[in-house]
Number of protein chains: 2
Amino acid sequence: MSKPTPLSGYPEFLPAERAVEREVVSRLSRTFELHGFTNIETRAVEPLDRLSKGGEIDKELYVLRRLHADDQAGDSGLGLHFDLTVPFARYVLEHAGRLEFPFRRYQVQPAWRGERPQEGRYRQFTQMDIDIVGKDELPFHHDVEVVRVMVEALGSLPLPRLSFQVNNRKLIQGFYRGLGIPDVPAAIRAIDKLDKQPADAVAQLLVDTAGATPEQAERCLALATIRVADTSFVESVRALGVEDELLDAGLAELAAVVEGCAAVVDDHVTVEANLRIARGLDYYTGTVVEIFMEGYERLKSVGGGGRYDALATDGRTTYPGVGVSFGVSRTLVPLVADGVLRGSRPVSSAVLVALADEDSRTSAQDLADRLRRRGIATEVAAAPQKFGRQIRYAERRGIPYVWFPQEDGTHQVKDIRSGDQVDADPDAWTPPAEDLQQTIVTQSSS
Amino acid sequence: MSKPTPLSGYPEFLPAERAVEREVVSRLSRTFELHGFTNIETRAVEPLDRLSKGGEIDKELYVLRRLHADDQAGDSGLGLHFDLTVPFARYVLEHAGRLEFPFRRYQVQPAWRGERPQEGRYRQFTQMDIDIVGKDELPFHHDVEVVRVMVEALGSLPLPRLSFQVNNRKLIQGFYRGLGIPDVPAAIRAIDKLDKQPADAVAQLLVDTAGATPEQAERCLALATIRVADTSFVESVRALGVEDELLDAGLAELAAVVEGCAAVVDDHVTVEANLRIARGLDYYTGTVVEIFMEGYERLKSVGGGGRYDALATDGRTTYPGVGVSFGVSRTLVPLVADGVLRGSRPVSSAVLVALADEDSRTSAQDLADRLRRRGIATEVAAAPQKFGRQIRYAERRGIPYVWFPQEDGTHQVKDIRSGDQVDADPDAWTPPAEDLQQTIVTQSSS
């Protein structure tokens with residue numbers, strides 16, 4: 001075998017980098033569990049008819065084919081999932097009789113898309129989703145809850161500043177309807193282009209594609225520029241003079257989300273009403289949210305989600321849901337590459353037990369087991385080299401402490417960073433908490 | 001969408017079952033980390049030329065094809081990995097310059113094989129592997145170490161009794177060579193059939209395919225029947241009267257593995273020298289091990305591994321390794337289906353906060369947050385139904401405690417299994433440890 005070259009679009013972490021990802025997933029999982037979200041995993045494949053929607057995403061689907069299948073094409077009729085929502089919807093339908101609703105779950109798994117690789121966009125990427133799904137109905141307060149839980153969860157991580165930008169599809173649709181726009185979906189599509197095109201081009205699009213008058217287009221743009229971190233947007237929208245029941249409902253819901261998150265936002269994570277957020281033409285029917293990271297606006301959103309009144313349906317029963325997804329790979333691959341986050345060390349071991357000679361390996365192992373029983377990750381030196389070389393061995397591996405059993409039965413432990421060497425009792429000594437396990441080091445803390 | 005039907009070969013766990021798998025993976029991970037194994041994840045795909053070996057396994061390979069690719073075939077040249085060893089070997093080669101050797105890692109990921117689904121054999125299955133890999137050389141003591149760590153790790157789980165059956169390729173090969181068998185690989189293949197064919201048929205095979213005399217075949221069979229839980233096999237082999245240097249080396253290594261594990265075996269996990277274990281014609285060059293589970297012999301081994309003197313090579317450098325793999329899905333899917341293991345509950349929540357009316361949702365959430373801050377997973381009732389219905393709601397969800405804020409500002413908590421309801425301080429009350437998190441319930445303990 002020759003030396004392999006990296007595969008574009010399939011980023012892989014070195015051990016210390018993987019420790020960052022593990023810690024992020026572990027902290028988020030803990031918060032989700034404390035809020036009653038249980039973990040599930042779905043298989044990586046779904047039947048093609050569930051994945052294929054005939055749209056743009058179809059081009060990115062990976063289909064599985066058996067290498068030496070008997071039939072001509074060999075296609076299995078299965079494809080790799082491209083998000084965690086499609087498999088979750090299928091899981092809910094398939095297992096509905098054995099689930100209790102509202103069903104609260106989180107999921108951390110890879111997904112696959114055959115798109116052109118670029119920063120933040122990979123062919124295999126890990127997502128972390130929380131959703132609450134009801135049977136036939138799902139109270140609105142769960143919209144507030146999922147956004148709030150994700151704010152709290154991401155706020156506990158050492159990431160650059162995050163901004164949750166929230167809107168409501170009822171608000172937009174009600175506004176357009178109350179305004180008398182002939183083609184509401186076309187208007188949503190046009191406004192969605194505001195991040196790529198100047199305002200007057202979008203106004204022209206509204207006239208050309210949505211049948212708006214120039215005056216209506218003006219008011220659509222006025223709506224889209226409203227962006228505040230409190231509920232004052234309600235008055236600003238009222239001031240635009242549009243009356244509609246759906247608009248009223250949307251305003252009330254959006255205000256409730258912004259108010260409901262007030263207790264968990266801080267300098268580090270903010271929640272804003274941003275009335276141009278639409279999240280494309282997906283299945284969202286109420287709350288919509290996108291998450292942006294300061295200094296990484298080029299990644300577009302690092303997460304998002306919303307309310308869908310029909311996450312899944314089997315014809316008889318409909319399952320409404322609300323959820324938010326966080327792009328683990330999309331966020332961490334760039335942050336790790338930029339050195340914003342790094343792992344404290346590439347190994348789990350906090351201690352290396354030095355070896356005087358090969359005959360003392362058994363007693364060194366017994367000693368290591370004493371440390372392990374108290375939760376201290378320990379390895380024994382691979383070879384009984386001179387102690388200086390064993391210390392350099394620990395240094396290269398990133399192990400902070402070297403343990404020296406003494407001939408008289410006592411013990412010493414050396415912090416190889418400071419060089420301090422002290423007497424230590426193997427049944428009592430413990431490293432400082434920050435050295436106990438691999439952890440995340442941020443640019444500012446290093 | 002219609003109601004989906006299960007996909008054969010792709011088992012999925014319900015939430016309480018998934019809790020079993022999570023706990024197993026978490027306990028094993030903890031043990032591996034305490035022994036200095038660090039976690040990595042590799043991408044799910046590898047270039048086909050690394051996966052395809054031209055053998056039986058090729059039939060089981062899944063190739064990725066883009067659904068609407070521009071080129072005619074659409075094949076990406078990539079396939080899903082069928083184990084964790086091939087991607088690990090590639091990872092070591094690709095990142096060798098940035099790894100420290102001996103490199104100790106564990107990996108928990110799914111793998112895919114397009115084989116005929118049956119109990120214990122799935123098209124997608126999760127494996128958990130530990131390996132230690134050296135650069136150019138890897139001391140033998142690591143063979144003892146990986147087997148011992150896996151014995152300790154699996155021994156900490158509430159599984160049926162496990163038997164680690166260990167052998168050594170040097171021992172077999174040296175014995176056959178010393179005996180004068182003309183075709184050693186053919187002899188290994190023949191002996192490998194002992195679990196499917198009677199001894200005299202295998203003796204005939206040894207004569208027909210390996211060129212053995214009937215007397216040599218007899219002694220090969222005699223070797224293969226040796227199976228003991230201590231090092232007395234050394235004398236038994238010596239009694240067969242074969243002399244060979246490689247045999248000597250194999251006997252010494254196997255004795256060291258059996259002795260080295262003596263401190264961690266017990267009634268629940270045993271380690272035996274079993275001289276007919278060969279693990280097929282794979283790349284193993286020394287220690288080989290297979291793991292069997294009592295009452296589940298029909299699954300064949302639930303794990304295995306061994307020593308390979310060339311896990312990977314880039315032509316200039318060779319990376320020897322030793323590792324053991326545990327079949328998470330192969331073991332847990334049958335145990336969960338049989339009710340041997342089950343999750344204590346399907347939700348993470350230990351407490352449901354009851355709601356007197358919808359207006360008290362905010363104060364109920366604040367209360368829930370007080371419990372969560374002390375590590376108690378809590379959810380708030382979805383709707384302010386009559387308390388009797390809220391208790392039944394908790395019961396259906398499997399939440400053991402319901403919390404009732406009282407009108408006078410005090411609190412009560414009810415264990416809905418016993419019906420006991422007591423006064424409780426939200427800043428002090430804690431459920432018993434076994435109720436704090438989802439955990440594993442065994443048949444005997446339930």
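These numbers come from a predicted model, not from an experiment.

A word on the environment of A:A381. By the element assignment, A:A381 lies in the loop between β15 (378-380) and α13 (387-397). In sequence terms A:A381 and A:V353 are 28 residues apart; their C-alpha atoms lie 5.9 Å from each other.

This part is about the interface of chain A and chain B. Each side of the interface is counted separately: chain A has 89 residues, and chain B has 90 residues. Between chain A and chain B the total buried area reaches about 8100 Å² when both faces are included, carbon and sulfur atoms providing 51% of it. Here chain A is connected to chain B by 10 salt bridges. Of the charged contacts, one joins A:D369 and B:R148 as a salt bridge, the two residues approaching to 3.1 Å between their closest N and O atoms. Inspection of the chain A/chain B interface yields 55 residue pairs in polar contact (both at pLDDT 80 or more). No other element matches the 6 residues that helix α1 (residues 15-34) of chain A contributes to the side of chain A that touches chain B. Tallied by class, residues from the side of chain A that touches chain B come to 36 nonpolar, 22 polar and 31 charged. Bridging between strand β3 (residues 62-66) of chain A and strand β3 (residues 62-66) of chain B involves 5 bridges; their strand directions are antiparallel. Along β3(B), the bridge assignment pairs A:V63 with B:R65.

The next subject is the packing of aromatic side chains. The tally for this structure, following the rule as stated, stands at 21 aromatic pairs over all chains. A centroid spacing of 5.6 Å and a plane angle of 55 degrees characterise the contact between A:F32 and A:Y106, whose relative ring orientation is tilted. Taken together, the positions of A:F32 in helix α1 and A:Y106 in strand β5 (residues 103-112) put the pair 74 residues apart, joining distant regions of the chain. Neither residue differs from the other here; A:F32 and A:Y106 are each classed as buried. Where A:F101 meets A:Y319, the ring centres are 5.3 Å apart and the plane angle is 40 degrees; that geometry is what we call tilted. With a gap of 218 residues between them, A:F101 in the loop between α3 (85-95) and β5 and A:Y319 in strand β12 (residues 318-327) connect regions that are remote in the sequence. In terms of burial, A:F101 and A:Y319 fall into one category: buried. Grouping aromatic residues by their ring pairs yields a cluster made of A:Y283, A:Y284 and A:Y308. A cation over a ring is seen here: A:R104 above A:F37, with NZ or CZ 4.8 Å from the ring centre. Taking the ring centre of B:F88 as reference, the NZ or CZ of B:R105 above it sits at 3.7 Å.

Quick look at the sheet that holds strand β9 (residues 269-274) of chain A now. All names here are of chain A. Judged by pairing direction, the sheet is mixed, and its 9 strands sit side by side in the order β1-β5-β6-β12-β11-β10-β7-β9-β8 without closing on themselves. Strands with a single pairing partner mark the edges of an open sheet, and in this sheet they are β1 (38-39) and β8 (227-228). Bridge analysis of β8 against β9 gives 2 bridges, and the strand direction is antiparallel. Bridge pairing links R227 to N274 in β9. Packed onto the sheet, helix α4 (residues 141-155) meets β5, β6 (124-133), β7 (162-168), β9, β10 (287-293), β11 (303-313) and β12 and runs at close to 15 degrees relative to β12.

Our focus in this paragraph is the side chain of B:Q124. By the secondary structure assignment, B:Q124 is in strand β6 (residues 124-133). One polar contact links the side chain of B:Q124 to the main-chain amide nitrogen of A:A44, over a distance of 2.8 Å. Among the polar contacts made by the side chain of B:Q124, one reaches the side chain of B:W112 at a distance of 3.1 Å. Those residues in contact with B:Q124 that lie beyond four places of it in its chain are A:T42, A:R43, A:A44, A:V45, B:G9, B:Y10, B:P11, B:P110, B:A111 and B:W112.

A separate point is the environment of B:V413. Relative to the assigned elements, B:V413 resides in strand β17 (residues 411-415). When the C-alpha atoms of B:V413 and B:P426 are compared, they prove to be 9.5 Å apart, with 13 residues separating the residues in sequence.

The subject of this paragraph is the domain arrangement of chain A. Residue and element names in this part refer to chain A. By domain assignment, chain A separates into domain 1 (15-342) and domain 2 (351-442). Its C-alpha centre places domain 1 at a distance of 48 Å from the equivalent point of domain 2. Listed per partner, the contact involves 10 residues of domain 1 and 5 residues of domain 2. Contact between domain 1 and domain 2 buries roughly 630 Å² in total, counting both sides, with carbon and sulfur atoms accounting for 63%. Considering only the surface of domain 1 that becomes buried against domain 2, A19, E23 and R342 emerge as the three largest contributors, covering 55% of it. For the pair domain 1 and domain 2, the interface holds 0 salt bridges. Remark: the boundary between domain 1 and domain 2 carries 1 residue pair in polar contact (both at pLDDT 80 or more). Elements with a minimum of two residues in the side of domain 1 that touches domain 2: α1 and β13 (341-343). Element by element, the count of residues in the side of domain 1 that touches domain 2 is highest for α1, at 6 residues.

What counts and what doesn't
- Residues numbered from 1 in each chain as written.
- Chains lettered and ligands numbered in written order.
- Predicted model: local features only at pLDDT ≥ 70, side-chain atom pairs only at ≥ 80, totals over all residues.
- Heavy atoms only, no water.
- Helix = DSSP H or I, 4+ residues; strand = E, 2+ residues; numbered from the N terminus.
- Contact = heavy atoms within 4.5 Å.
- Buried area = accessible area lost by both parts, 1.4 Å probe.
- Salt bridge = Lys/Arg side-chain N within 4 Å of Asp/Glu carboxyl O.
- Polar contact = N/O pair within 3.5 Å; in protein donor to acceptor, adjacent residues only side chain to side chain.
- Nonpolar A, V, L, I, M, F, W, Y, C, P; charged D, E, K, R; others polar.
- Pairing = 2+ DSSP bridges.
- Phe/Tyr/Trp six-rings, centres within 6.5 Å; stacked < 30°, edge-to-face > 60°.
- Buried < 20%, exposed > 50% of the residue type's maximum accessible area, 1.4 Å probe, protein only.
- Lys NZ or Arg CZ within 6 Å of the ring centre and 35° of its normal.
- Axes fitted to C-alpha atoms, helices over the stretch in contact; angles between N-to-C directions.
- Domains from an automatic or database assignment.

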